[in-house]
Amino acid sequence: MSKASHGHVSSLLWRSESRLQVVHSALPSGLLSDSELPFAYDWRAVNGHSFVTADANQHLPQPCGSSWVHATAAALDDRIKIARRAKAPDVQLSRQALLNCVPGPRASPPPGCNGGDAWMVHEYLEHSVVPDQTCQPYTARNGACEPMGQCRSCPPWAAGASASPACLSLAAPSYVGYGVAEYGSVRGELAMMKEILLRGPIVCSLVPRPALQPSPSPSPLTLTPTLAPTPTLTLTLPRSAPC
């Protein structure tokens, strides 16, 4: 698998200083002492309930460097599920709408399958909204950020097509849109553990062992960093390896 197919392309060199993070509330690192952390905590098993949504394969129906979108959306999906107290049905944000609309460096066209990072998704969602996946199914192809590329209604036989004359576009506010009120970064194992415990899963970029490079989707694994290409994963367990 090529480095490009992983999808992580850092925005560090061109991020706006004024948009590095938007934080309004108190950080979990300041709300919990180290001694208050439990020995273990798993959002997949909290009093008999799972607060984690299903994984998705970024390379189906074809290879696409969209780990940056999938991992970020997965963490947000899980936090939505936590906020909704695990009520059905699960809300899963449209990966395809994010691929179509999250802009590239300095407001350039969306990079889509060519790669990006979690900051780009969060920065976009702080001032825009995205529908759930039923509004724009994942096609693993670069699309256009236009009404048909954000939300559409299709007959069953055309639902999986990237484009079809049988589909009708839906414009906001005719669909439920999801965004973020704040975003930021967290560094250090204990700070990550507190963030995950009090708020939910986080997105993390790391350098994995070569044997783990083909992993197609974000998963709550404990990984040991080594020198290799950098994918983007979602961490759901507070005692995962530091990133």
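Residues numbered from 1 in each chain as written. Predicted model: local features only at pLDDT ≥ 70, side-chain atom pairs only at ≥ 80, totals over all residues. Heavy atoms only, no water.

(A) The overall build of the protein chain, seen in detail. From N to C terminus, the protein chain includes 7 helices and 4 strands. Going through the 243 residues of the protein chain one by one, you find that 45% of them count as buried. Taking as baseline every contact in the protein chain between residues at least 6 positions apart, the subset at least 24 positions apart corresponds to 70%. Of the roughly 12200 Å² of accessible surface on the protein chain, 58% is carried by carbon and sulfur atoms. (Helix = DSSP H or I, 4+ residues; strand = E, 2+ residues; numbered from the N terminus. Buried < 20%, exposed > 50% of the residue type's maximum accessible area, 1.4 Å probe, protein only. Contact = heavy atoms within 4.5 Å. Areas by Shrake-Rupley, 256 points an atom, 1.4 Å probe, with all protein chains shown as cover.)

(B) A look at the pattern of salt bridges. Evaluation of the coordinates by the stated rule reveals 9 salt bridges. Its salt-bridge partner being aspartate 117, residue arginine 15 comes within 3.2 Å of it at the nearest N-O pair. Of this pair, arginine 15 sits in the loop between helix H1 (3–6) and helix H2 (28–31) while aspartate 117 sits in the loop between helix H4 (95–101) and helix H5 (118–125); the two residues are 102 residues apart in sequence, bridging distant segments of the chain. Note that aspartate 34 and lysine 194 form a salt bridge whose closest N and O atoms lie 2.7 Å from each other. Of the two residues, aspartate 34 sits in the loop between H2 and helix H3 (67–83) while lysine 194 sits in helix H7 (residues 189–199), which places them 160 residues apart along the sequence. Its relative accessible area of 43% is what places aspartate 34 among the partly exposed residues. A cluster of three or more residues bridged by salt bridges with shared partners is formed by Arg19, Glu123 and Glu126. (Salt bridge = Lys/Arg side-chain N within 4 Å of Asp/Glu carboxyl O.)

(C) Highlighting the confidence of the model for the protein chain. On average, residues of the protein chain carry a pLDDT of 82, and 79% of them reach 70 or more. Within the model, the stretch residues 214–231 combines pLDDT values under 50 with 63 contacts to residues more than four positions away or in other chains. (pLDDT = per-residue confidence, 0-100.)

(D) Quick peek at the packing of H3 against H5. It is at 8 Å that the axes of H3 and H5 come closest, and there the two elements cross at 55 degrees. The orientation of H3 with respect to H5, classified from their angle, is oblique. Between H3 and H5 the crossing geometry is right-handed. Contacts between H3 and H5 involve Trp68, Val69, Thr72 and Leu76 on the former and, on the latter, Ala118, Met120, Val121, His122 and Leu125. (Axes fitted to C-alpha atoms, helices over the stretch in contact; angles between N-to-C directions. Parallel < 35°, antiparallel > 145°, perpendicular 65-115°, else oblique. Left-handed = near helix turned anticlockwise from the far one by under 90°.)

(E) Layout of the state of the cysteines. Evaluation of the coordinates by the stated rule reveals 3 disulfides. Residue pairing for cysteine 64: its cysteine sulfur links by disulfide to cysteine 113, the two sulfurs lying 2.0 Å apart. The S-S bond linking cysteine 64 to cysteine 113 shows a torsion near -95 degrees; that makes this disulfide left-handed. Of the two residues, cysteine 64 is situated in the loop between H2 and H3 and cysteine 113 in the loop between H4 and H5; the sequence distance between them amounts to 49 residues. Taken individually, cysteine 64 and cysteine 113 each receive the classification buried, so the pair is uniform in this respect. The disulfide bridge from cysteine 135 ends at cysteine 151, spanning 1.5 Å between sulfur atoms. Residues cysteine 135 and cysteine 151 are joined by a disulfide whose S-S torsion is about -50 degrees; by sign, that bridge is left-handed. One end of the pair, cysteine 135, is in the loop between H5 and helix H6 (147–150); the other, cysteine 151, is in the loop between H6 and strand S1 (152–153), and 16 residues separate them in sequence. Cysteine 151 gets classed as buried once you look at its relative accessible area, which sits at 0%. (Disulfide = S-S within 2.5 Å.)

(F) Fine view of the side chain of lysine 194. You can call lysine 194 buried: its relative accessible area is 6%. The contacts of lysine 194, once residues within four sequence positions are left out, are Pro28, Ser29, Leu32, Ser33, Asp34 and Leu37.

(G) How the structure looks around the packing of aromatic side chains. Applying the stated rule across the entire model yields 3 aromatic pairs. With a centroid separation of 5.8 Å and 80 degrees between ring planes, the pair formed by tryptophan 14 and tryptophan 119 is classed as edge-to-face. A residue pair is termed long-range when its members are at least 10 positions apart, and tryptophan 14 in the loop between H1 and H2 and tryptophan 119 in helix H5 qualify at 105 residues. For tryptophan 14, a relative accessible area of 18% translates into the label buried. Given a relative accessible area of 11%, tryptophan 119 falls into the buried group. (Phe/Tyr/Trp six-rings, centres within 6.5 Å; stacked < 30°, edge-to-face > 60°.)

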